Amino acid sequence: MSVKKAKKPTIQLVKGMKDTLPDDQQYWQWLRDKVDNFAKNYGFGRLDTPILEFTPLFKRSVGEETDIVSKEMYSFVTEGGDKLSLRPESTAGVVRAYIEHGMVNQPQPVKLFYIGQQFRHDKPQAGRYRQFWQFGFEAIGETDPVIDAQLVIISHNFLKELGLDVEVQINSVGDANCRPQYLKVLKGYYQNHRKELCPDCQDRFNKNTLRLLDCKNTRCQELANSAPQMVDHLCENCKEHFMGVLEYLDELDITYSLNAKIVRGLDYYTKTAWEIVETSEAGKLQSLGGGGRYDDLIETLGGRPTPAVGFAIGMERVILKLQENKITPPTSKPLEVFVAQLGLEARKKSMSLFEDLRREGFQVAEAMSKKGLKDQLELASKKGVRYVVILGQKEIADGTVLIRDMESCVQEVVDFRKIKSELRKRLDSESVRLIKVKKKAL
Ligand code: AMP
């Protein structure tokens, strides 16, 4: 009697995590290239910090009472007793590195950018993951509103130039001078409506009053719409700074609106705070990124008092929006040559031929594990390759190859030693023809 073995359950993806499959990589490459390009133009240098940091770094910077720190961090204690967390955002690590590497001694502002994974144990839904990527730009060491405006512009133009319809929503959250006074006024207002708040906001009432303004619950939103606004309670210094930022934005061709409910989820923000929302879907605004000034953070983390401002953009969400709007990445250099082989000897020789062509800079493809020519030609055609170099027993014996033009299906016998020059000649004349066709179309 045969005993049935119990089938082992398959191990699946961890909840809230995501695989990025080959078909989506072109979007990621597009974004990464664009980030590099913006960084180069605006003079930002790349900084990579570790994914793991000491937990108190986030408690002190992002704030103990924020959702991110109190509910969403992946924290653990190592065997040696260190309290560590997977970073839920990157600004805190950037500031730690700025202090630790004495960047205060460099010409200010120090302009840095990052691309990296963040971890938040949030409720997974479309566009919300527990591991996700953000890129961000940070300018540390400058108070001038021109820097705030420049960062707003970078975050806006980045998304606009990808082809998305976006709008900047901007606010000022004041500073240690004027915000405490405003919070008293705000608390006074909510005191009368306390029972109407959602359970989360009941909890936030004392711990994080400002966040009552950006709750998504319908009744909380209604209450927030009538709440006293920070902009009416700014001190002279903050007011002047905010006006300065807006004046620069007015000079430029960007769509922005004032939104008193933009407070951002983290404690460290002062003065300017903004979000970039996608506007193409009527009535369904979704934040793609946000930023703000954080003039007190460097001192909070043990550095000298140093002003700073920065933003972060969520990359999964941007890609989701690109796909929803059917915006595709620019096509990369197409494959030019496919090396096809028939028989063991030919396969051996075509492996070194493939390497040779690749090293010479040809965009080359292959399918060494396939034996039939038909399969290989089909694959070449699927990949959109224009020329196939065919190497069989006969060609090996003759010291030749066949070059097949996949468009005309014409095959020509070519001397093995002349493969590269013959391919180059064909590809060059093809690109001249394409340029002519393009010019004609214009
Ligand atoms: P924040 O760091 O919370 O200001 O978020 C900045 C941007 O990061 C958001 O606008 C989103 O695009 C993205 N983001 C934040 N949380 C998540 C998440 N859980 N999953 C995917 N993207 C996120």
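Please read all numbers here as calculations on a predicted model, not as lab measurements.

### Topic: the overall build of the chain
Point 1. A count of helices and strands for the chain gives 15 helices and 16 strands.
Point 2. Its C-alpha atoms put the chain at 90 × 75 × 50 Å along the principal axes.
Point 3. Buried residues in the chain amount to 48% of all 442 residues.
Point 4. Excluding contacts between residues fewer than 6 apart, the proportion of contacts in the chain whose partners are at least 24 apart in sequence is 70%.
Point 5. Split by element, the accessible area of the chain, about 23,700 Å² in all, is 51% carbon and sulfur.
Point 6. Averaging the positions of the 67 positive and the 62 negative side-chain charges in the chain gives two centres separated by 7 Å.

### Comments concerning the sheet that holds strand 2 (residues 52-54)
Point 1. Within the open sheet, the 3 strands sit side by side as 2-4-3. Their pairing is antiparallel. Edge strands, defined here as strands with exactly one partner in the open sheet, are strand 2 and strand 3 (75-77). For this sheet, the mean inter-axis angle between neighbouring strands, taken without regard to orientation, is 35°.
Point 2. Bridge count for strand 3 against strand 4 (residues 83-86) is 3 bridges, and the pairing is antiparallel. The residue of strand 4 that forms the bridge with Phe76 is Leu84.

### What to know about the packing of aromatic side chains
Point 1. This structure, assessed with the given rule, holds 12 aromatic pairs.
Point 2. An angle of 55° between the planes, with centres 4.9 Å apart, marks the rings of Tyr268 and Tyr269 as tilted. Each of the two residues, Tyr268 as well as Tyr269, counts as buried.
Point 3. Sitting over the ring of Phe205, Lys187 keeps its end group 5.8 Å from the ring centre.
Point 4. Over the aromatic face of Phe416 sits the side chain of Lys349, whose NZ or CZ is 4.2 Å from the ring centroid.

### Some points on the side chain of Ser155
Point 1. By secondary structure assignment, the location of Ser155 is in helix 5 (residues 145-161).
Point 2. Only 3.1 Å separates the side chain of Ser155 from the side chain of Trp274, close enough to count as a polar contact.
Point 3. With near-sequence residues (within four places) excluded, Ser155 lies in contact with Trp274, Ile276, Phe311 and Ile313.

### Section: the site of the ligand
Point 1. Of all residues adjacent to the ligand, which total 13 residues, the nearest are Arg120, Tyr129, Gln134, Arg264 and Leu288.
Point 2. Ser287 is positioned such that a nitrogen or oxygen atom in its side chain is 3.0 Å from an oxygen atom of the ligand.
Point 3. One nitrogen or oxygen atom from the main chain of Gly314 is found 3.4 Å from an oxygen atom belonging to the ligand.
Point 4. When the free accessible area of the ligand is taken as 480 Å², the share hidden by the protein chains comes to 91%.
Point 5. Elements with a contribution of two residues or more to the shell around the ligand: strand 6 (131-140), strand 10 (286-293) and strand 11 (308-314).
Point 6. The residue makeup of the shell around the ligand, split by class, is 4 nonpolar, 5 polar and 4 charged.

### What about the domain arrangement of the chain?
A common measure of how large an interface is: the accessible area buried when the components associate.
Point 1. Under the domain assignment used here, the chain contains domain 1 (22-178 + 234-324) and domain 2 (337-431).
Point 2. Centre-to-centre separation of domain 1 and domain 2, based on C-alpha positions: 49 Å.

### Concerning the sheet that holds strand 6
Point 1. Spatial ordering of the open sheet is given by 1-5-6-11-10-9-7-8, a layout of 8 strands whose pairing is mixed. For this open sheet the edge positions go to strand 1 (45-46) and strand 8 (256-258), each flanked by a neighbour on one side alone.
Point 2. Strand direction decides the pairing type here: strand 5 (residues 110-119) and strand 6, joined by 10 bridges, are antiparallel. The partner of Leu112 across the bridge, within strand 6, is Glu138.
Point 3. In this fold helix 9 (residues 236-251) packs onto strand 7 (166-172), strand 8, strand 9 (270-278) and strand 10, with an angle of close to 160° to the strand it touches most, strand 7.

### Regarding the environment of Lys195
Point 1. As for its position among the elements, Lys195 is in the loop between helix 6 (179-191) and helix 7 (199-207).
Point 2. In this structure the C-alpha to C-alpha distance between Lys195 and Ala139, which are 56 residues apart in sequence, comes to 42 Å.

### Things to note about the pattern of salt bridges
Point 1. Counted under the stated rule, the structure contains 30 salt bridges.
Point 2. Two residues, Lys71 and Asp67, come together in a salt bridge whose shortest N-O distance is 3.6 Å. One end of the pair is Lys71 and the other is Asp67, both in helix 3 (residues 67-71) and 4 residues apart, which spans about a single turn.
Point 3. A relative accessible area of 46% places Lys71 in the partly exposed class.
Point 4. Of the residues examined, Asp67 reaches a relative accessible area of 17% and is grouped as buried.
Point 5. Here Arg386 makes a salt bridge to Glu407, at a shortest N to O gap of 3.6 Å. Separated by 21 residues along the polypeptide, Arg386 in the loop between helix 13 (373-382) and strand 14 (387-391) and Glu407 in the loop between strand 15 (400-405) and strand 16 (411-415) bring together distant segments of the chain.
Point 6. The class for Glu407 is exposed, based on a relative accessible area of 56%.

### Section: the nonpolar core
Point 1. If you look at the biggest cluster of nonpolar residues, it comprises 93 residues, and the most contacted ones within it are Phe137, Leu151, Leu159 and Tyr190.
Point 2. At 8 residues, the largest contribution of residues to this core is made by helix 5.
Point 3. When residues no more than four places from it in sequence are discounted, the contact partners of Phe137 are Val35, Phe38, Ala39, Phe44, Leu112, Phe113, Leu151, Ile154, Val309, Gly310 and Phe311.
Point 4. Judged by nonpolar contacts, the second largest core, of 18 residues, contains Ala346, Val389, Ile403 and Leu423.

About the cut-offs
Residues numbered from 1 in each chain as written. Predicted model: local features only at pLDDT ≥ 70, side-chain atom pairs only at ≥ 80, totals over all residues. Heavy atoms only, no water. Helix = DSSP H or I, 4+ residues; strand = E, 2+ residues; numbered from the N terminus. Buried < 20%, exposed > 50% of the residue type's maximum accessible area, 1.4 Å probe, protein only. Contact = heavy atoms within 4.5 Å. Areas by Shrake-Rupley, 256 points an atom, 1.4 Å probe, with all protein chains shown as cover. Lys, Arg positive; Asp, Glu negative; His and termini not counted. Charge placed at Lys NZ, Arg CZ, Asp CG, Glu CD. Pairing = 2+ DSSP bridges. Axes fitted to C-alpha atoms, helices over the stretch in contact; angles between N-to-C directions. Phe/Tyr/Trp six-rings, centres within 6.5 Å; stacked < 30°, edge-to-face > 60°. Lys NZ or Arg CZ within 6 Å of the ring centre and 35° of its normal. Polar contact = N/O pair within 3.5 Å; in protein donor to acceptor, adjacent residues only side chain to side chain. Near = heavy atom within 4 Å. Nonpolar A, V, L, I, M, F, W, Y, C, P; charged D, E, K, R; others polar. Domains from an automatic or database assignment. Salt bridge = Lys/Arg side-chain N within 4 Å of Asp/Glu carboxyl O. Core = buried A, V, L, I, M, F, W, Y, C linked by side-chain atoms within 4.5 Å.

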